[in-house]
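# Descriptive analysis of the structure
Each chain, written out:
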Amino acid sequence: MFWVLLLLLAWAAAGTACTRLCLAAVHAAAVDTKAAMTGRGHDLTLYEAAFLSGGPRRVADLTLVSMARQRRLLLAHTGWATVVDPRGRDEMERSVIGAIGPEGQSRIEPVRDAAAAADAVGSLADRLVSAGLAVPDEARSGVAAAIRQVRLAAAVVLALGAVALLAPAQSDMPAHLVALWFALPFVLTLSCLAIARVEIHPYAQWASPAGQRLLRALVRRSTGGDDRTYLTSVAVRGVRAIGEPELRQAFAHRGPHHEASPWRD
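### Observations regarding the side chain of E93
Take E93: it is sitting in helix 4 (residues 91–100). You can call E93 buried: its relative accessible area is 3%. For E93, the residues in contact, after removing those within four places along its chain, are Y47, T63, M67, R72 and G88.

### Brief notes about the sheet that holds strand 2 (residues 80–83)
Sheet architecture is open: 3 strands sit in the order 1-2-3, paired in antiparallel fashion. The outermost strands of the open sheet, each flanked by one partner alone, are strand 1 (73–75) and strand 3 (105–107). Direction aside, the axes of adjacent strands within the sheet are offset by 20 degrees on average.

### Details of the pattern of salt bridges
Summed over the entire model, instances satisfying the criterion amount to 7 salt bridges. One salt bridge connects D113 with R57, and the closest N-O pair in it is separated by 3.0 Å. Residue D113 is found in helix 5 (residues 108–116), and its partner R57 is found in helix 3 (residues 56–69); the two are separated by 56 residues along the sequence. Classification of D113 by relative accessible area gives partly exposed; the value is 29%. Note that R69 is salt-bridged to D227, the shortest N-O span being 2.6 Å. With R69 in helix 3 and D227 in helix 10 (residues 227–237), this residue pair connects regions lying 158 residues apart in the sequence. The class of D227 is partly exposed, set by a relative accessible area of 33%. Connected through salt bridges with shared partners, the residues R57, E109 and D113 form a single ionic network.

About the thresholds
All residue numbers refer to positions counted from 1 along the written sequence of the respective chain. Restriction of local features to residues with pLDDT of at least 70 applies here, the model being predicted, together with a cutoff of 80 or more for giving and counting side-chain atom pairs; totals for whole chains, interfaces and linings are based on all residues. Side-chain figures throughout are based on the complete set of non-hydrogen atoms in the structure, without hydrogens or water. Only DSSP runs of H or I with at least four residues qualify as helices, and only runs of E with at least two residues qualify as strands; both kinds are numbered from the N terminus onward. For every residue, the accessible area (1.4 Å probe, protein chains only) is compared with the maximum for its type, and the residue is labelled buried under 20%, exposed over 50%, or partly exposed between those bounds. Should any heavy atoms of two residues lie within 4.5 Å, those residues are considered in contact. Two strands make a pair as long as DSSP finds a minimum of two bridges between them. Between N-to-C directions, angles cover 0 to 180 degrees, with each direction set by a line fitted to C-alpha atoms, over the stretch in contact for helices. The term salt bridge refers to a pairing of a side-chain nitrogen on Lys or Arg with a carboxyl oxygen on Asp or Glu at a separation within 4 Å.

Shown next, in the form of structure tokens:
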């Protein structure tokens, strides 16, 4: 009955992972309950929209693009940033200028990293979390980690099932019935991921469901070809929304970023 022991291990892996994901979802759902009461009537700024769409790095990107369009910062297609006007108009711009350094020139990637980690972005994140519009770090990371654990559990179930089928026969149980028993915990993990894709997916984002509703409302109000509409598009969609080829090329010199959804590899 060696396969029974493997089956118990498969159920343990699947059950533990799915339970953790359910608990993470319950914890994250409390964010939307608070947001339903505190987030109503809130008008998003561009910095807030950028954070809710892509996190701290998106805020840094928006600041760089905004300053470049105002000709107060030069972003070369080679990936270098040069300060033209050293007077920042707000905390975000001052963070970018400070990240570039006293020489007034630096590569874009370290500037982006430093600006994203600045106190100004941290204060912005705290305000959005307090308003119930952003998902707290612990809730978002908890959901992402739980999703990865369920994926790992599915792979473990498959591996244990393969071992049980390939091991020398030690019982009268037909192979197809053994496979069926292992299929049950595997289906459990897949079903859990499918349900989580719909029910829990919003809590793996930067914005809470209430914050996402405000983002959609902001996009609907952003019409026309003015500069604010352009910057709104960059805030929501990121640097891929940049229309100027040379400016877009400047951001192509960045290293790997970490804005990807936990649903992607």
